[in-house]
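Commentary on secondary and tertiary structure
Residue-level listing of the chains:
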Amino acid sequence: MNAPSNIDDVTEHADSDVLHWLTNDTRDERFLDNIFAELCLRLQRAGVPVKRATLHLMIVHPQWLGSRIMWADGMREAELRRVDYDVRERSDYIDSPANELHDGAAEVRENLERDPALSRKHAFYDRMRAKGLTDYVAWPLYHTLGKRHIVTFATGQPGGFDDAHIAGLLRLLPVLALVSEIRMKNQLARTLLETYVGSHASELVLAGATRRGSGTTVRAAIMICDLRDFTRISDNWPRDDVIDLLNGYFDAMSEPVARHGGEILKFMGDGLLAIFPLSNASACANLLHAVAEARQAMINLNQKNGETGREPLNYGIGIHVGDVMYGNIGSQTRLDFTVIGPAVNMASRLETLTKQLGRTVLLSRAFADFVNSDFDLERVGEYPVRGFSDPIDLFAYHG
């Protein structure tokens, strides 16, 4: 598989063009999958017979362990697939080259043209042979502080990759590592912000809204939800059961909010605060649709919990509409991006009143006026609300 020296020179020159592009001309491309697909196409044009390539990345995400970017001959765009946390327990991972690299191998190389009986018994290699591939190589891709990811290349060329091809691919790896790490760090910042402060707030923070006191006034529908009897539950249940219970409850409440355009700004122990900005004309209706779906999700959750002997969970929701201050509040070194204002206080007071009035969901007159003709609301009456001088006309929603 040794190439003549003149071919080595041509290949090295072509590789230099690819290396120059990767180093200097990718700075304006945000997405790593686009860079990886273009890299593979440029390698082909440079004479490196890549037919399939993958990039396996360990990411920081609450739902996913990692992602896989896969490019194959004929594709203009790469395929991006998320990888579940339980992947390392699956037989197809245990019996894979990726597992060898994660265990510390510096290289995995397989000649796919030789007799399969003489090869390592990875089922993965049989699938690669079925695709007409003749040679496969995988290397660790090193990021800073010892973080290891994986890049692989395969060819269908008879005889596989020659020494010049392998040398050229190896020359690319340090730059590919830097380029991929930059995109991963950018995505990590977005993921962490979206996870902890929400999608809209994260965009504001990334746009520079990081100074204490910076913010804006937003007119929004506000929803505050609280779990009943949580103190008793947390005092008497095992810790892991309490965490599992809270996660199930927050899933039931949060997923409908996200589906209908709301944004959860804060989890407060066993409670949550969400807003639906009125920049969307359907915000108030969307909030009630989310509440109705959350109610059904809680019914399903209680049925599931009942099968394991757990008590049903009860909750209360207070809903109001008004102007809120939306921005950074906190100390000089620790900030919280949240909403404050009388409208938020009102929603909190209504949630507290759900216990006194025996209703699961209470709405203010101000909110009800936005949706009264479209939803079946029960007028509960006027009640004093702590912190507000006049009684508030309240409505219940049983959707």
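Bear in mind that the values here come from a model prediction, so they are computed numbers and not experimental data.

**Side note on the overall build of the chain**
Helix and strand counts for the chain come out as 12 helices and 14 strands. The C-alpha radius of gyration of the chain comes to 28 Å, more than 25% above the 21 Å expected for a compact globule of 399 residues. Considered along the principal axes of its C-alpha atoms, the chain spans approximately 90 × 50 × 40 Å. Long-range pairs, those at least 24 residues apart, make up 61% of the contacts in the chain with a sequence separation of at least 6. Just so you have it, the chain exposes about 20,500 Å², and 50% of that area is on carbon and sulfur atoms.

**Let's talk about the pattern of salt bridges**
Within this structure, the stated rule accounts for 19 salt bridges. With a shortest N-O distance of 3.4 Å, Glu 38 and Arg 45 are connected by a salt bridge. A relative accessible area of 22% means that Glu 38 is categorised as partly exposed. You can call Arg 45 exposed: its relative accessible area is 58%. Connected through shared salt-bridge partners, Arg 365, Asp 369, Arg 379 and Asp 393 make up one network.

**Concerning the packing of aromatic side chains**
Per the counting criterion, the structure on display carries 7 aromatic pairs. With a centroid separation of 5.1 Å and an interplanar angle of 70°, the aromatic rings of Phe 124 and Tyr 136 are classed as edge-to-face. Taken together, the residues Phe 124 in helix α5 (residues 123-130) and Tyr 136 in strand β5 (residues 135-142) connect sequence positions 12 residues apart. Residue Phe 124 is classed as buried on the basis of its relative accessible area, which comes to 13%. Residue Tyr 136 is classed as buried on the basis of its relative accessible area, which comes to 4%.

**So, the side chain of Arg 52**
Within the secondary structure, Arg 52 is located in strand β1 (residues 52-58). With near-sequence residues (within four places) excluded, Arg 52 lies in contact with Arg 68, Met 70, Trp 71, Ala 72, Phe 124, Met 128, Leu 133, Thr 152, Phe 153 and Ala 154.

**Details of the packing of helix α6 (residues 163-197) against helix α7 (residues 199-206)**
Between α6 and α7, whose axes approach to 7 Å, the crossing angle comes to 130°. What the angle tells us is that α6 and α7 run oblique. The two elements α6 and α7 meet at a crossing, and its hand is right-handed. Here Arg 190, Leu 193, Glu 194 and Val 197 of α6 lie close against α7, whose contacting residues are Ser 199, Ala 201, Ser 202, Glu 203, Val 205 and Leu 206. Per-class residue counts for the contact of α6 with α7 are 5 nonpolar, 2 polar and 3 charged.

**Thoughts on the nonpolar core**
Across soluble globular proteins, nonpolar side chains show a tendency to be buried alongside one another. One finds Tyr 249, Leu 288 and Phe 367 to be the most contacted residues of the largest nonpolar core, which totals 42 residues. By residue number, the principal contributor to this core is helix α10 (residues 283-306), which donates 9 residues. Ignoring sequence-local partners within four residues, the contact set of Tyr 249 consists of Cys 225, Asp 226, Leu 227, Asp 270, Gly 271, Met 298, Leu 301, Leu 313 and Tyr 315. Ranked by size, the runner-up nonpolar core spans 35 residues in total, among them Trp 21, Leu 32, Ile 35 and Leu 172.

**A few points about the confidence of the model for the chain**
With 92% of its residues at a pLDDT of 70 or more, the chain shows a mean pLDDT of 87. The least confident element of the chain is helix α3 (residues 91-94), whose mean pLDDT is 68; the most confident is strand β12 (residues 361-364), at 97. Across residues 1-11, where pLDDT falls below 50, the model places 14 contacts with residues more than four positions away in sequence or in other chains.

**So, α7**
Taken as a whole, α7 has its buried residues at Ala 201, Ser 202 and Val 205. Looking straight down α7, one finds its buried side chains confined to an arc of 100°; they lie on one side. Looking at the buried positions of α7, the neighbouring elements they touch are α6, β8 (263-268), β10 (315-330) and β11 (335-340). Directly beyond the C-terminal end of α7, a positive phi value near 115° is found at Gly 208.

**Things to note about the environment of Gly 104**
Among the structural elements, Gly 104 can be located in the loop between α4 (97-102) and β4 (108-111). Once the C-alpha coordinates of Gly 104 and Pro 140 are considered, the two residues, 36 residues apart in sequence, prove to be 8.7 Å apart.

About the cut-offs
- Counting from 1, residues in each chain are numbered in the order their sequence is written.
- Local features in this predicted model are restricted to residues whose pLDDT is 70 or higher, and side-chain atom pairs enter the listing and the counts only when it is 80 or higher, whereas totals over whole chains, interfaces and linings include all residues.
- Working from all heavy atoms in the structure, the side-chain values ignore hydrogens and water.
- Each helix corresponds to a stretch of at least 4 residues labelled H or I by DSSP, and each strand to a stretch of at least 2 residues labelled E; elements are numbered beginning at the N terminus.
- Put simply, the radius of gyration uses C-alpha atoms, and a globule should come to 2.2 Å times the residue count raised to 0.38.
- In this description, contact between two residues means that some pair of their heavy atoms is separated by no more than 4.5 Å.
- Values of accessible area rely on a 1.4 Å probe in the Shrake-Rupley scheme; residue burial ignores everything except the protein chains shown.
- Whenever Lys or Arg places a side-chain nitrogen within 4 Å of a carboxyl oxygen from Asp or Glu, that contact is recorded as a salt bridge.
- Working definition: with a 1.4 Å probe on protein chains only, accessible area under 20% of the residue-type maximum means buried, over 50% means exposed, and in between means partly exposed.
- Any two rings among Phe, Tyr and Trp, with Trp reduced to its six-membered ring, count as a pair given centres within 6.5 Å; such a pair is stacked if its planes are under 30 degrees apart, edge-to-face if over 60, and tilted if neither.
- Where helices are involved, their axes are fitted lines through C-alpha atoms of the stretch in contact, as for all axes, and angles between N-to-C directions lie from 0 to 180°.
- Orientation categories follow fixed angle ranges, with anything under 35 degrees roughly parallel, anything over 145 roughly antiparallel, 65 to 115 roughly perpendicular, and all other angles oblique.
- Two helices cross in a left-handed way if the nearer one is turned anticlockwise from the farther one by less than a right angle. They cross in a right-handed way if the turn is clockwise.
- In this classification, the charged set is Asp, Glu, Lys and Arg, the nonpolar set is Ala, Val, Leu, Ile, Met, Phe, Trp, Tyr, Cys and Pro, and all remaining amino acids, among them Gly, are polar.
- Here, the term nonpolar core denotes a set of buried Ala, Val, Leu, Ile, Met, Phe, Trp, Tyr and Cys residues that are joined through side-chain atoms within 4.5 Å.
- Scored from 0 to 100, pLDDT reflects the predictor's confidence in each residue.
- Regarding the arc, it is the one traced by the directions from the helix axis to the C-beta atoms.

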